[in-house]
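Analysis of the macromolecular model
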Amino acid sequence: MTQPSRLQFPDHFLWGAATAAHQVEGNNINNDWWTREHNGGPRVDEPSGDACDSYHRFREDIALLAEAGFNTYRFSLEWSRIEPEPGCFSRAQIDHYCRMVDACHEFGLAPVVTLQHFTLPKWLAVEGGWLAPDAAALFGRFTEIALSVVAEGVEWVCTINEPNMVAKIEGGEPTYPITSSAHTHLDKRVSDTLVLAHRRSREVLADVPAIKSGWTIASQAFSPVPGSEPIAREYGYPREDFFLEAARGDDFVGVQAYSRTRIGPDGPLPVPANAETTQMGWEYFPPALGIGVRHAWKVTAGVPIMVTENGIATADDARRISYTHGALTGLHEAINDGIKVLGYVHWSALDNYEWGSYKPTFGLIAVNRETFARTVKPSASWLGAVAKANTLEPTES
Ligand code: BGC
């Protein structure tokens, strides 16, 4: 009997893991999330505090990823550190992020830098956040300053993380809808501003020809029950396709996939009672990645795709491996069908602050909450080995 052959990924494929500044750095006291955490904001069980202290320990984090076998690290800049007051820029903080880029190179990782990952400086939040009259221009100005970090040695820049989730959150919707009343609040003004901000940022980045820029979209794998296809299109368009359409012509688009959203005649449906769920309450659904990649390829009309996030919140690391194996199998099928995929970046490198709580653990690496000691999980070694081989065994070993 012949063995099924290994799944080979394209040459120069990026294999990495991701973090975001506020979720790992600690003490980001100048942003809107810090305010929310200390003022009884919605869905906050505990504050971020010291997070993973990656602000000081980033070299260790980068070294661990390199040792595991990865060639890429996606991290984000914290706008509120670089611009703590409007127009007041910190040279020392810019240098900090330059040192992160340098550390990536020292350990052989390609940096993928996100300019804005959910948090805004407090001063901008006070002005209305993305609804402030000059929000897009201010993000453009921040991008000009961020050029000092990315102009040398950074090929991949993500402007704004999950603008579609930002528009949902600003409109008061939960990120993964579980009630059918959720679809009335999306704020179109936020969506339009985010598109303007993204375009302005890309214009600034275009001054550096070596940079390839795009934005990263939360893929929700909208799955209509029979007969609900029109409502799925209507519901899904402003929450995903609008932002994918805005990526047409970009250098790449980031796809971030975790689960699916089933749609019935009245909109989103709850996760079925018999389905396996993750620590987030999301349905365990590895095919979400393949579905998301195919959808993004279609709607963007062929913009190269980077998987900038994919992962699972679980305390069972073996389940993380199974989930990731399933997701990568679907990704490989999409590549075989001719979709151009640049890389796969897992969420997350570390167990970190999951926007209100440390309980969901998405990390390939565990972090002790008292000592900050890192422990590499078997899933990190497994995925790192896949990365090194640039192939996936067809069945999980
Ligand atoms: C975000 C991350 C978040 C992850 C899991 C994505 O929506 O970009 O910041 O931690 O999903 O919820």
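Calculation rules
- Residues numbered from 1 in each chain as written.
- Predicted model: local features only at pLDDT ≥ 70, side-chain atom pairs only at ≥ 80, totals over all residues.
- Heavy atoms only, no water.
- Helix = DSSP H or I, 4+ residues; strand = E, 2+ residues; numbered from the N terminus.
- Rg over C-alpha atoms; globule rule 2.2 N^0.38 Å.
- Buried < 20%, exposed > 50% of the residue type's maximum accessible area, 1.4 Å probe, protein only.
- Contact = heavy atoms within 4.5 Å.
- Areas by Shrake-Rupley, 256 points an atom, 1.4 Å probe, with all protein chains shown as cover.
- Lys, Arg positive; Asp, Glu negative; His and termini not counted.
- Charge placed at Lys NZ, Arg CZ, Asp CG, Glu CD.
- Near = heavy atom within 4 Å.
- Polar contact = N/O pair within 3.5 Å; in protein donor to acceptor, adjacent residues only side chain to side chain.
- Nonpolar A, V, L, I, M, F, W, Y, C, P; charged D, E, K, R; others polar.
- Pairing = 2+ DSSP bridges.
- Axes fitted to C-alpha atoms, helices over the stretch in contact; angles between N-to-C directions.
- Core = buried A, V, L, I, M, F, W, Y, C linked by side-chain atoms within 4.5 Å.
- Salt bridge = Lys/Arg side-chain N within 4 Å of Asp/Glu carboxyl O.
- Phe/Tyr/Trp six-rings, centres within 6.5 Å; stacked < 30°, edge-to-face > 60°.

**Comments concerning the overall build of the protein chain**
- Regarding its fold elements, the protein chain presents 13 helices and 15 strands.
- In terms of overall dimensions, the protein chain is globule-like: its C-alpha atoms have a radius of gyration of 20 Å, near the 21 Å expected for 397 residues.
- Summarising its shape, the C-alpha atoms of the protein chain cover approximately 65 × 50 × 45 Å along the three principal directions.
- Residue burial in the protein chain is summarised as follows: out of 397 residues, 61% are buried.
- Contacts spanning at least 24 positions in sequence make up 79% of the contacts within the protein chain whose residues lie at least 6 apart.
- As displayed, the protein chain offers around 15500 Å² of accessible surface, 53% of which is attributable to carbon and sulfur atoms.
- Positive and negative side-chain charges of the protein chain, numbering 33 and 49 respectively, have mean locations separated by a distance of 2 Å.

**Describing the site of the ligand**
- Taken together, 13 residues lie near the ligand, and Q23, H117, E162, E309 and E354 sit nearest.
- Between the ligand and the protein, one listed contact pairs an oxygen atom with a side-chain N or O atom of Q23 at 2.7 Å.
- At 2.8 Å from an oxygen atom of the ligand is found a side-chain nitrogen or oxygen belonging to E309.
- Contact with the protein chains covers 93% of the free accessible surface of the ligand, which is 310 Å².
- A class-by-class count of the residues in the shell around the ligand yields 6 nonpolar, 4 polar and 3 charged.

**Some thoughts on the side chain of D317**
- Tracing the sequence through the fold places D317 in helix α12 (residues 317–336).
- A relative accessible area of 12% places D317 in the buried class.
- A polar atom in the side chain of D317 sits 2.8 Å from the side chain of R320.
- Polar side-chain contacts of D317 include one of 2.7 Å to the side chain of S379.
- What D317 contacts, discounting residues up to four positions off in sequence, is K377, P378 and S379.

**Side note on the sheet that holds strand β7 (residues 222–224)**
- Sheet architecture is open: 3 strands sit in the order β7-β9-β10, paired in mixed fashion. Looking at strand neighbours, the two that pair on one side only are β7 and β10 (267–268), the edges of this open sheet.
- In this structure, strand β9 (residues 261–264) lies alongside β10, joined through 2 bridges in antiparallel fashion. Following the sheet pairing, I263 is matched in β10 by P268.
- Lying on the sheet, helix α10 (residues 229–245) is in contact with β7, β9 and β10; it crosses β7 at an angle near 170°.

**Topic: the environment of S223**
- As for its placement among the helices and strands, S223 is situated in strand β7.
- You can call S223 buried: its relative accessible area is 18%.
- Once the C-alpha coordinates of S223 and T261 are considered, the two residues, 38 residues apart in sequence, prove to be 6.0 Å apart.
- Once residues within four sequence positions are removed from consideration, S223 is found in contact with R260, T261, R262 and I263.

**Points about the nonpolar core**
- Residues W15, L77, W130, V293, L328 and L331 are the most contacted members of the largest nonpolar core, which totals 108 residues.
- In contact with L331, not counting residues within four places along its chain, are F9, F13, L289, V293, V307, V341 and Y344.
- Among the nonpolar cores identified, the runner-up in size contains 8 residues, and A18, A313, W347 and F362 belong to it.

**Digging into the pairing of strand β2 (residues 14–18)**
- Within β2, 5 of the 5 residues are buried, leaving the element largely enclosed by the surrounding structure.
- Where β2 and strand β12 (residues 341–347) come together, 5 bridges link them in parallel fashion. Bridge pairing links G16 to V345 in β12.
- In this structure, β2 lies alongside strand β3 (residues 72–76), joined through 3 bridges in parallel fashion. Along β3, the bridge assignment pairs A18 with R74.

**A word on the pattern of salt bridges**
- The final tally for this structure, using the stated rule, is 20 salt bridges.
- For D192, the salt bridge goes to K188, with nearest N and O atoms at 2.8 Å. Here K188 and D192 lie together in helix α9 (residues 188–205), a separation of 4 residues that amounts to about one turn.
- We classify D192 as partly exposed; its relative accessible area is 32%.
- Salt bridges linked by common partners bring E144, R200 and E203 together as one network.

**Details of the sheet that holds β3**
- The sheet built from 8 strands closes into a barrel, its strands ordered β2-β3-β4-β5-β6-β8-β11-β12 with parallel pairing. Geometrically, the sheet is characterised by an average inter-axis angle of 25° between neighbouring strands, direction not taken into account.
- Two strands pair when backbone bridges link them, and β3 and strand β4 (residues 110–116) are joined in this way by 5 bridges, in the parallel orientation. Paired with T72 across the two strands is A110, which belongs to β4.

**Considering the packing of aromatic side chains**
- Scanning all chains against the criterion turns up 22 aromatic pairs.
- Aromatic side chains Y258 and F362 sit 5.8 Å apart centroid to centroid with 80° between the ring planes, which places their arrangement in the edge-to-face category. Highlighted residues: Y258 in the loop between β8 (253–257) and β9 and F362 in the loop between β12 and β13 (365–367), separated in sequence by 104 residues. Like F362, Y258 is buried.

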